[in-house]
Amino acid sequence: MKNIFNKRAFFRTVLFLVILVALLQIVSQIMVRLSDEEGKHNVRMRNYIYTDLIGQEKDTIDVIVTGDSEAVADWTPLRAWEQQGFTSFPAAMPAFWMTEMLPMVRLSFRTQKPKVLLFETNMLFSYTDPIKGTVKIAQSEIRNRLMIFRFHNIWKHVISPLPEQDSLWKSFRVRTEVVPPKNLNKYMKPSSEKRKICPMNLLIFDQLVKLCRKNGVQLVLYSTAAPKNYGMRKHNTLTELAERYGLTYIDLNTQVDQVGINWQTDSLDMGDHMNLSGAQKVTAYLADRLKEAVPDLPDHRADEKYSDWSEQAEAYDAAIADDLKEIRGE
Amino acid sequence: MGYNEIPYLLVFLPLTVLLYSICPKKLRKVLLTFISWGYFILCSRYLIVYLIGTTVFIYCMGIRIGKVGEGIPENYEILLKKEKKSGVKDPALTPLRKRKALHHALMLITVIILFGILLVLKYTGFFASLLNRAGASLTAPKFLVPVGLSFYTLEAVGYILEVYWKRIPAERDFFGIALLIGFFPQTMEGPIARYGDTAKQFTGETKLFERTAEDMASAIMRIFWGMFKKIVIADRLNTVVANLYDGSELPHGVMIIVAAVCYTVQLYMEFSGMMDVVIGSARLVGIKLPENFRQPFFSQTASEFWRRWHITLGAWLKDYVFYPIAASRFSKDLGKKVRKKSGRYAAKLATSAVALTPVWLFNGLWHGPQLNYIFYGIYYLVLLLLEQVIDPARDAFYAKTGINRKGKGAALFRILRTWVIIFSGELLFRANGLKAGIHMFLNLFHDFGISRLWDGSLLTLGIDGADWFAIVMGTVVVFLYDLMTERGFSIRECMSRQKTPVRWACYYALIFAVIIFGAYGTGYSTVDLIYAGF
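Residues numbered from 1 in each chain as written. Chains lettered and ligands numbered in written order. Predicted model: local features only at pLDDT ≥ 70, side-chain atom pairs only at ≥ 80, totals over all residues.

Overview of the overall build of chain A
And then number 1: Helices and strands together make up the secondary structure of chain A, namely 13 helices and 7 strands.
And then number 2: The C-alpha atoms of chain A give 22 Å as radius of gyration, which agrees with the globular expectation for 330 residues (20 Å, within 12%).
And then number 3: With the C-alpha coordinates of chain A rotated into their principal frame, the extents come out at 80 × 45 × 40 Å.
And then number 4: Each of the 330 residues in chain A was classed as buried or not, and the buried ones make up 42%.
And then number 5: In chain A, once contacts between residues fewer than 6 apart in sequence are set aside, the share between residues at least 24 apart is 82%. (Helix = DSSP H or I, 4+ residues; strand = E, 2+ residues; numbered from the N terminus. Rg over C-alpha atoms; globule rule 2.2 N^0.38 Å. Buried ≥ 20, exposed ≤ 12 C-beta atoms within 10 Å, placed from the backbone. Contact = placed C-beta atoms within 7 Å.)

A closer look at the overall build of chain B
And then number 1: Scanning chain B for helices and strands turns up 21 helices and 0 strands.
And then number 2: A compact globule built from 534 residues should have a C-alpha radius of gyration of about 24 Å, and chain B, at 25 Å, falls within 12% of that.
And then number 3: A principal-axis box enclosing the C-alpha atoms of chain B has dimensions of 85 × 65 × 60 Å.
And then number 4: A sequence separation of at least 24 residues applies to 76% of the contacts in chain B between residues at least 6 apart.

Focus on helix 1 (residues 6-22) of chain B
All names here are of chain B.
And then number 1: Spanning 17 residues, helix 1 covers 23 Å between terminal C-alpha atoms, matching the ideal 24 Å at 1.5 Å per step.
And then number 2: Of all the bends in helix 1, the largest measures some 30° and sits at Phe12, one to four residues before the proline Pro14.
And then number 3: Taken residue by residue, helix 1 has Tyr8, Phe12, Leu13 and Thr16 as its buried positions.
And then number 4: Where the residues of helix 1 are buried, they touch helix 2 (28-44) and helix 10 (254-284). (Expected span 1.5 Å × (residues − 1). Bend = angle between axes of the 7 residues up to and from the residue.)

A closer look at the sheet that holds strand 7 (residues 248-251) of chain A
Residues and elements named next belong to chain A.
And then number 1: Taken in spatial order, the 5 strands of this open sheet run 2-1-3-6-7, and their pairing is parallel. The open sheet has two edge strands, strand 2 (88-92) and strand 7, and neither has a second partner. Strand-to-strand twist in this sheet, taken as the mean axis angle between neighbours without regard to direction, amounts to 20°.
And then number 2: With 4 bridges connecting them, strand 1 (residues 63-67) and strand 3 (residues 116-120) associate as parallel partners. When the bridges of strand 3 are listed, Ile64 appears paired with Leu117. (Pairing = 2+ DSSP bridges. Axes fitted to C-alpha atoms, helices over the stretch in contact; angles between N-to-C directions.)

Brief notes about the domain arrangement of chain B
All names here are of chain B.
And then number 1: Segmenting chain B into domains produces domain 1 (24-208), domain 2 (211-293 + 444-534) and domain 3 (297-430).
And then number 2: Each of domain 1 and domain 3 has a C-alpha centre, and the two are 28 Å apart.
And then number 3: Contact with domain 1, which involves 12 residues of that partner, is made by 6 residues of domain 3.
And then number 4: Listing elements by their share of the side of domain 1 that touches domain 3, those giving two or more residues are helix 5 (94-133) and helix 6 (149-164).
And then number 5: Among the elements that line the side of domain 1 that touches domain 3, the one with the most residues is helix 6, at 5 residues. (Domains from an automatic or database assignment.)

Considerations on the packing of helix 13 (residues 329-342) of chain B against helix 14 (residues 344-366) of chain B
All names here are of chain B.
And then number 1: Relative orientation of the contacting elements helix 13 and helix 14 amounts to 150°, with a least axis distance of 7 Å. With respect to their mutual orientation, helix 13 and helix 14 come out roughly antiparallel. The hand of the helix 13/helix 14 crossing is right-handed. Counting all contacts with helix 13, which are made through Ser331, Leu334, Gly335, Val338, Arg339 and Ser342, the residues of helix 14 involved are Arg344, Ala346, Ala347, Ala350, Thr351, Val354 and Ala355.
And then number 2: Taken together, the residues of the contact of helix 13 with helix 14 break down into 7 nonpolar, 4 polar and 2 charged. (Parallel < 35°, antiparallel > 145°, perpendicular 65-115°, else oblique. Left-handed = near helix turned anticlockwise from the far one by under 90°. Nonpolar A, V, L, I, M, F, W, Y, C, P; charged D, E, K, R; others polar.)

Digging into the confidence of the model for chain A
And then number 1: Of all residues in chain A, 91% have pLDDT values of 70 or greater, and the mean over the chain is 88.
And then number 2: Confidence drops under pLDDT 50 across residues 40-44 of chain A; counting only partners more than four residues distant or on other chains, this segment forms 19 contacts. (pLDDT = per-residue confidence, 0-100.)

Observations regarding the pairing of strand 7 of chain A
Residues and elements named next belong to chain A.
And then number 1: With 4 bridges joining them, strand 6 (residues 218-223) and strand 7 adopt parallel strand pairing. For Ser223, the partnering residue across the bridge sits in strand 7 and is Asp251.
And then number 2: Crossover handedness for the path strand 6 to helix 10 (residues 232-245) to strand 7: right-handed. (Right-handed = clockwise from strand over helix to strand, strands pointing away.)

With respect to the pairing of strand 3 of chain A
Residues and elements named next belong to chain A.
And then number 1: Burial within strand 3 is extensive, with 5 of its 5 residues counted as buried.
And then number 2: Because side chains alternate across strand 3, one face comprises the buried residues Val116, Leu118 and Glu120, and the other comprises Leu117 and Phe119, equally buried.
And then number 3: Judged from the 5 bridges that link them, strand 3 and strand 6 form a sheet pairing that is parallel. Bridging from a neighbouring strand, Leu118 pairs with Val220 of strand 6.

Written out as structure tokens, the structure reads:
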């Protein structure tokens, strides 16, 4: 009877695994390409941001923005380009967990050398179970390295017709609905209380800070203006967190007037997320504040290499002009 | 951490196999015990106290019962009979009588405590709700139930009964007992191992299953095969099943048949798939677990189905419920009385009914505290008794018509008839409560609407055409595999005879089939193991 530890068996096992990993890599590359070409494909849904991220030309992004649906709704890269001339990418997803965020930021640092990581803080307050959280981080890492696990469903479009999806503007989706918040009486009422962040999220945040430092990326925290999600308790916690790590923290909930938010026109869904109008204002304001905080953020607007951004910004402005007027009642 | 989850498959299992392989042979059972307990903690955290408590309890009681039993001679029953015949009390038998009573009492206490824990933790709420329906107003406390409680309780009771019946000596190796009821691949869904199946492998009385590189490869491929059944077919069907059974409106007509078939296929693919993962996992650490499925959809009768489906539960019920009752004095006396009055046929039916009723009530109730599970048990009880009732009529039918009962046509008819029985049973089993189950049966022919099978209605059940395609193709592949196995053709053996490139190509094909066609990631959610909930 052969022993499982004989040399031949060992060699064969290693060879089998090497071929398997190579095959997984090859199929992953094919799937990423297919997925990129098939922009409207079903399989992209939650994964589109990964395709878009991998699809960005190497070392061309100055600011990576991460966060949950708050960041998805309120950051429009082309508006930031127009405002300050830097390039940005929203590495964010609705219902994004801290456990997904960290692997995605790692992935973005593999292909980009951003100067700033702009971190929307809402996801810090969701609960993460330590064991499940660790597993999720591991799963995301595996999926980010072997994209076959993200895009494996691409075969389905051969059989099922594809649903139409909205067009994206540098990964920003235009949302024009207007539903103002019902009651702002309690919004940002003074309080010295704090809202707790679960230990696992703090641990992941700590790793994020270290990752940014290691890569020479300045981490900037911001909380979008959202009466449904923010109050003084979160503000106090985040201010303390930022102080502890020596980070810049921009809380738009305390600067609503400076941003120019009009709750009657800029809210998508009762003060939870920004609509197009709100996103335009928030992005413009944040772009200015980022430039103040990180003066060496480049302005590429005169650079031929980035002409694509200027062209898209023009097209974007033309496309949203009527929507903006309608939303703002102009 | 289910057996279908990445942490188990990519971290826990490889790490276990690695540790097991480098561990000195003498310490392997200790290592496996701690790994198994570690796994239990990952699933049920501090509820591990129940498992360890049960292990210590049956370990001690087993030894005690074994010791008391040693003092009872093999011919004790014969001595009693002799005494009865002679009519004179034998004073020499008095201490034996006491010992026998103690022996019996120890067994009873142990079994009552083991089942008592199961009843209290799992069924308190159910019985309270039944009493409340009858007018009481009880508030039942809610208990956290450790994973696999129903499975390891049966294993523990089986072990105690075997020791009591002196079929096996009491196990003096604590780790043997710990692994008998706590071995990590069996924790969630069985198979319900009996002492004879696994214990000797754990305690080193028999040589551990030799692991060659080919065996390891075969075990890993079995795990992938199980994953194929689970995540390509069963997990996709889960959405359909949830829509049909738990939707705001219950289905009617042909959609009830779709519901019954989909759930049966889902259950089979999931349970048998997970058994493949479980058995494959155990083989990676040198343990051979009993099989739990043997192509059940080729059964020609309901009773045969239960010899092929969840085999270890059926075998447990046969050995520890059916036989003891069938061999009991009450059953024998009843048989004699009925035979005298109504003949042999009626006696056979009466004794069968007496022995089968507790078996099927137990089977139903074991699945969980719900009325439809109990009715599921009763459903099979009635069917199995009917099989016996119509036995003479069936023989007469074949004799009169001259139909070859062993012919292919008759066999196919019986298989299809058994499918109808299985699908109907599973419909009742899965229904969202007994009322819903009965409602679905009653609505089978109401607005039948067979056109809903092709008018796009199936695409409104939460999955698209591509998903249906994957389900159908996957099911066909599994059916062909089962068909070949049924006909005695072993694909595994055939594979082992192939040259390396061919074999590896097949392995890669299976791995990629699981990865590419699996229902996971975007648009799908993780589906918990169905039998882990029982």
